[in-house]
Amino acid sequence: MNRTKYYSLSIVLLTLVVALVIGCNTAPQPPATQAPAVAKIAYVGDNTCKQCHPESFETVPHTSHYQTFKPLADYTLDKPLTPITIFDAQNTEKPTSTTLDLSKDKVYGVMVNKYVIAEMPAQAGFKDKIYRVGALKKVGEKWTVEPAKAADIDKDGKPDWTAESFPCGKCHAPGIANASPNVGMSCESCHGPGAAHASAADKKTTMTNETARESCLNCHQSDPSKDAKTGVFIANTHYGTRNYFASKHAQSSQLNGCQACHDPHKANTNGAGILADKPADMCAACHAGKNFDLDKLMWTNPTDDRGHFTKDHSFGAMKYENLGDDPATKPIEITNPTMIDLIKKLLPELAK
Ligand code: HEC
Ligand code: HEC
Ligand code: HEC
Ligand code: HEC
Ligand code: HEC
Ligand code: HEC
């Protein structure tokens, strides 16, 4: 597929997904009825892949992807877990509380060494099913659990705890929504559901590398978007590959996508999924004699309040100073005319 087309298509798809998610949050939920017998897209989990692809397990579990969501049991805690009383941040008008026993109830795990993610007991009547119920903090050699942000919901002068919704799961714990045996990243997060492949006689056509190659942008959403109401272009501040679409790399058919520089299966000696230990060596493999200053070329956005690392991937096509990212506009608005022209040229879908 034409790369530019593919990236534009991914925006359209992402916009649809966002619209769906927003729709789901606001629309009243239809009553649960008998679901028609549709074949479920089935995720089998890493242990099944391991039976036939043991070599991948020597490297893949050591990548950052696999560290982004871990079980609470992986952390040495400073004190035993106690039950916490929490309120629903989604429903502050009608503050109902529930008690969650972190040692017994359904705790999925910990995202980016910080957010404790749990499922609410059904009888609690919370608006969502899955919440961020607390933060994990490192104190010396051990970790301490702090229930999610304090708030005096019943105005009795005592702080209660508020459980926040979990919009981060799609990328950081994709297995939860997919009902996969692995709640965090797994082989199937990139390769897609594997049940058919695992049981099929024909292994070659039931699982191809193409799906995995195109999976990166599901989470590393890279392109700018357009505010549907105002028509203003918005920089995607949160993901490391921002502006990749604008690079000569994205436009060149000589490159093998993200894999020209990244190894999705193996971390280098610094723990990064980069094909060389020194990134500059990787550039030199194709650009002999050029001495790129990567710190300057791949700038980090200082206004990213979510703390994603977000290095620019336009390789010089978009300079931070040119984005129009000044205090007078919202940090994500793109106001520079040259930049807007570039976006319209490379992402024709957005120009409409
Ligand atoms: C019962 C054994 C078996 C299981 C289970 C299995 N695979 Fe495979 N897989 C194979 C075989 C055999 C091939 C074909 C290899 C070939 O002929 O090149 C294959 C091919 C693949 C390919 C395509 C390779 C290529 O060169 O196109 C991928 C990707 C893959 N498997 C991933 C997975 C993942 C992910 C899982 C777990 C969800 C999994 N497999 C489970 C046996 C298995
Ligand atoms: C971050 C995404 C990602 C994850 C996670 C991932 N893979 Fe892959 N995998 C890829 C990509 C991309 C390719 C295609 C490589 C290519 O184009 O040459 C691939 C290729 C493969 C192949 C084909 C043979 C090869 O090595 O080229 C197999 C088999 C495979 N993966 C199995 C697995 C298994 C098993 C796991 C889990 C332990 C896993 N993968 C996890 C992205 C991923
Ligand atoms: C299901 C979502 C998802 C998919 C699919 C995915 N990633 Fe990631 N990726 C993440 C998340 C989340 C992190 C942050 C991990 C962390 O630090 O906790 C990350 C981190 C990374 C990093 C930085 C850490 C490192 O290992 O150097 C690279 C590079 C990367 N991904 C490349 C890829 C590539 C290439 C693909 C496609 C083959 C891919 N990713 C597919 C979610 C995803
Ligand atoms: C659309 C996918 C996506 C969503 C949704 C998402 N993230 Fe991320 N996140 C990523 C990717 C990809 C990375 C890897 C770094 C990067 O590309 O910036 C990352 C990295 C991070 C990091 C840095 C990890 C590290 O090791 O330093 C933090 C912290 C983080 N995300 C928090 C969150 C929080 C909190 C939410 C929900 C409010 C969230 N993310 C929602 C894709 C996503
Ligand atoms: C797999 C080969 C390959 C690798 C690895 C590679 N490049 Fe490129 N690079 C290309 C190709 C092909 C082009 C497009 C040439 C064109 O169409 O003009 C390009 C274009 C560029 C350009 C824009 C044109 C120019 O020469 O100013 C820059 C800047 C650049 N690359 C920087 C880098 C940096 C920095 C790295 C390392 C992080 C890197 N490249 C790694 C192949 C590669
Ligand atoms: C031309 C080479 C090249 C290509 C192509 C490329 N990257 Fe990168 N990427 C890099 C370099 C270099 C770094 C920074 C390494 C460092 O500073 O340690 C990086 C860093 C990252 C990081 C880590 C977070 C950060 O910003 O430091 C993520 C995530 C990432 N790339 C994802 C992707 C994805 C997804 C694609 C495909 C859409 C892609 N990259 C294409 C060279 C490349």
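Residues numbered from 1 in each chain as written. Chains lettered and ligands numbered in written order. Predicted model: local features only at pLDDT ≥ 70, side-chain atom pairs only at ≥ 80, totals over all residues. Heavy atoms only, no water.

J.: Would you explain the overall build of the protein in this entry?
T.: Along the protein, the regular secondary structure elements total 14 helices and eleven strands. Considering only contacts in the protein between residues 6 or more positions apart, those separated by 24 or more positions represent 52%. Accessible surface for the protein amounts to roughly 21,400 Å². Of this, 57% is attributable to carbon and sulfur atoms. (Helix = DSSP H or I, 4+ residues; strand = E, 2+ residues; numbered from the N terminus. Contact = heavy atoms within 4.5 Å. Areas by Shrake-Rupley, 256 points an atom, 1.4 Å probe, with all protein chains shown as cover.)

J.: Sorry if this is basic, but what is going on with the coordination of the iron atom of ligand 3 here?
T.: Around a metal, the idealised angle for a tetrahedral arrangement of four donor atoms is 109.5 degrees; for an octahedral arrangement of six donor atoms it is 90 or 180 degrees. Distances from the iron atom of ligand 3 to its protein donors, H65 (NE2) and H220 (NE2), fall at 2.0 Å. Note that the iron atom of ligand 3 binds six donor atoms; their angles at the metal cover 87 to 180 degrees, and the shape is octahedral. Of the two residues, H65 sits in helix α3 (residues 64-67) while H220 sits in the loop between α9 (209-219) and β10 (225-226), which places them 155 residues apart along the sequence. (Donors = N, O, S within 2.8 Å, 3.2 Å for Na, K, Ca; no water. Tetrahedral: all angles 85-135°; square planar, octahedral: opposite > 155°, others 65-115°.)

J.: What should I look at first to understand the packing of aromatic side chains in this one?
T.: For any pair of aromatic rings, the description consists of the separation of the ring centres together with the inter-plane angle of the planes. All chains considered together, the criterion is met by three aromatic pairs. Seen from their ring centres, Y75 and W143 are 5.0 Å apart, and the 80 degrees between their planes marks the pair as edge-to-face. Taken together, the residues Y75 in the loop between β1 (69-70) and β2 (83-88) and W143 in strand β7 (residues 142-147) connect sequence positions 68 residues apart. Taking the relative accessible area as the measure of exposure, W143 reaches 15% and is therefore buried. Ring centres 5.6 Å apart and planes at 80 degrees place the aromatic pair F126 and Y131 in the edge-to-face group. Judged on exposure class, the residue F126 and its partner Y131 are both buried. Positioned above the aromatic ring of Y115 is the side chain of R132, whose terminal nitrogen or guanidinium carbon lies 4.8 Å from the ring centre. (Phe/Tyr/Trp six-rings, centres within 6.5 Å; stacked < 30°, edge-to-face > 60°. Buried < 20%, exposed > 50% of the residue type's maximum accessible area, 1.4 Å probe, protein only. Lys NZ or Arg CZ within 6 Å of the ring centre and 35° of its normal.)

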